[in-house]
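Observations on the model geometry
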Amino acid sequence: MKEPGNPGVDRIELLQTYVRIVETGSLSAAARELGTTQPTISRRLQALERLLGLRLLQRSTHVMKTTLDGERCYAHAKGLLASWHAMDAELRGMGDEPEGTLRVLAPHAFGQEQLIEPLAAYLRRYPRVQVEWLLHDRRPDYIAEGIDCAIQVGMVDDPSVVAIQLAQVSRIVVAAPGLLEGLPTPRHPRDLAALPWLAMRTFYQDEVALTRQRDDAAYRFPIRPKLSTDSLYALRNAAAQGLGAALVSEWLMLPDLRQKRLVHLVPEWRGLPLPVYLVYPYARFYPARLRLFLQAMRTTMPEILS
């Protein structure tokens, strides 16, 4: 892909060089990674800046940083290069031979506990693929961060992405046995309202909503949580310490329930289940490593949460 009228300028090469400069932090490091010289890297950067008519980097003796235009260029370049490489692989018939690096964002607890086994199976099956397994309970900027796909718990409201529901997470009310000492056993959600509460800020903060399984009856009550957190691990451990009751993902609580560190309250009632989605940006081409990872998750996720 060369500039019209200037056959010596390969735009793909310029964009690849610029991405490596930004990601390595220096022209010399980019030169080492690309197997060329620093003057060559500098010439490519200057050619890209001339081509775009923009200043992409600010450089001084000790510091190099991207300009605002440079940040936008980097984000677009990552997306364009990903599409280019995917198209190249598709047209060359390499779609069934995945290789390269896959960047995946997964929920912190879920990504440590439930997904490592299917991830390991995927990596053993496709040894030429490397995975960057990023654990964050947030919504990514796919292009700017170079994220290939994400596993997201909770509703997806971004119209710019593909979202495939894989399963649902069941949620139950738990508390430490000590929290209930001297109190009658709760039989109905109304009996829970007087307990101290913990909140999972991502999904509930000041109200608990429960549904009875046999007839879909619903009951809501307000809470003033003693502790609010965005960490499922912190919520579980705070509940085990007797700080309050909590509405939590059932899969994470099973060992604590078996060991009687926690008890399941009003077992006929549960929180609304949380959907689990596989999310990735729209693109005309997807590399084999991403397509096969998506396929693996669609196959294994329902089994994990069944």
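Because the structure is a prediction, the values reported are computed rather than measured.

Below, the discussion takes up the nonpolar core. The tendency in soluble globular proteins is for nonpolar side chains to be buried as a group. Counting 65 residues, the largest nonpolar core has Ile-151, Leu-192, Trp-197, Tyr-204, Leu-210, Phe-293 and Met-301 as the members making the most contacts within it. Ranked by residues supplied to this core, first place goes to strand β6 (residues 161-175) with nine residues. A domain-level breakdown of this core finds at least three residues from each of domain 2 (100-167 + 275-305) and domain 3 (169-273). Excluding residues within four positions of it along the chain, Ile-151 makes contact with Leu-105, Ala-106, Pro-107, Phe-110, Leu-115, Trp-133, Val-276, Tyr-277, Leu-278, Met-297 and Met-301. If you look at the next biggest cluster of nonpolar residues, it comprises 19 residues, including Ile-21, Leu-27, Ala-31 and Leu-56.

Moving on, we get to the pattern of salt bridges. Under the criterion given, the structure shown has 14 salt bridges. Taking the shortest distance from any N to any O, the salt bridge between Glu-145 and Arg-138 comes out at 2.9 Å. Residue Glu-145 is classed as partly exposed on the basis of its relative accessible area, which comes to 26%. Overlapping salt bridges, with partners in common, bring together Arg-20, Glu-23, Glu-33 and Lys-78 in one network.

A separate point is the domain arrangement of the chain. Looking at the assigned domains, one finds that the chain contains domain 1 (11-92), domain 2 (100-167 + 275-305) and domain 3 (169-273). Just the C-alpha atoms count here: the centres of domain 1 and domain 3 sit 51 Å apart.

Right, let's talk about the pairing of β6 for a bit. In terms of burial, β6 is largely enclosed, as 11 of its 15 residues are buried. Here β6 pairs with strand β13 (residues 269-281) via nine bridges, running antiparallel. Across the sheet, the residue bridging to Ala-163 is Val-279, located in β13. The pairing of β6 with strand β11 (residues 246-249) spans four bridges and is classified as antiparallel. Within the sheet, the bridge partner assigned to Val-174 lies in β11 and is Ala-246. Across three bridges, β6 lies against strand β12 (residues 263-265) in antiparallel orientation. Within the sheet, the bridge partner assigned to Val-173 lies in β12 and is Leu-265.

The rules behind the values
- Sequence order as written defines the numbering, with residues in each chain counted from 1.
- Totals for whole chains, interfaces and linings use every residue, but because this is a predicted model, local features are given only for residues with pLDDT of at least 70 and side-chain atom pairs only at 80 or more, for both listing and counting.
- Only hydrogens and water are removed before side-chain values are computed, so all heavy atoms of the structure are retained for them.
- Residues enter a nonpolar core if they are buried and are Ala, Val, Leu, Ile, Met, Phe, Trp, Tyr or Cys, with the set joined through side-chain atoms within 4.5 Å.
- Residue burial is assigned from relative accessible area. The probe radius is 1.4 Å, only protein chains are included, and a residue is buried under 20% of its type maximum, exposed over 50%, and partly exposed in between.
- Labels follow the DSSP assignment, with helices taken as runs of H or I lasting at least four residues and strands as runs of E lasting at least two, numbered in each case from the N terminus.
- As annotated, the domain borders come from an automatic or database domain assignment.
- Should any heavy atoms of two residues lie within 4.5 Å, those residues are counted as being in contact.
- For salt bridges, the criterion is a side-chain nitrogen of Lys or Arg within 4 Å of an Asp or Glu carboxyl oxygen.
- In short, DSSP must find at least two bridges between two strands for them to pair.

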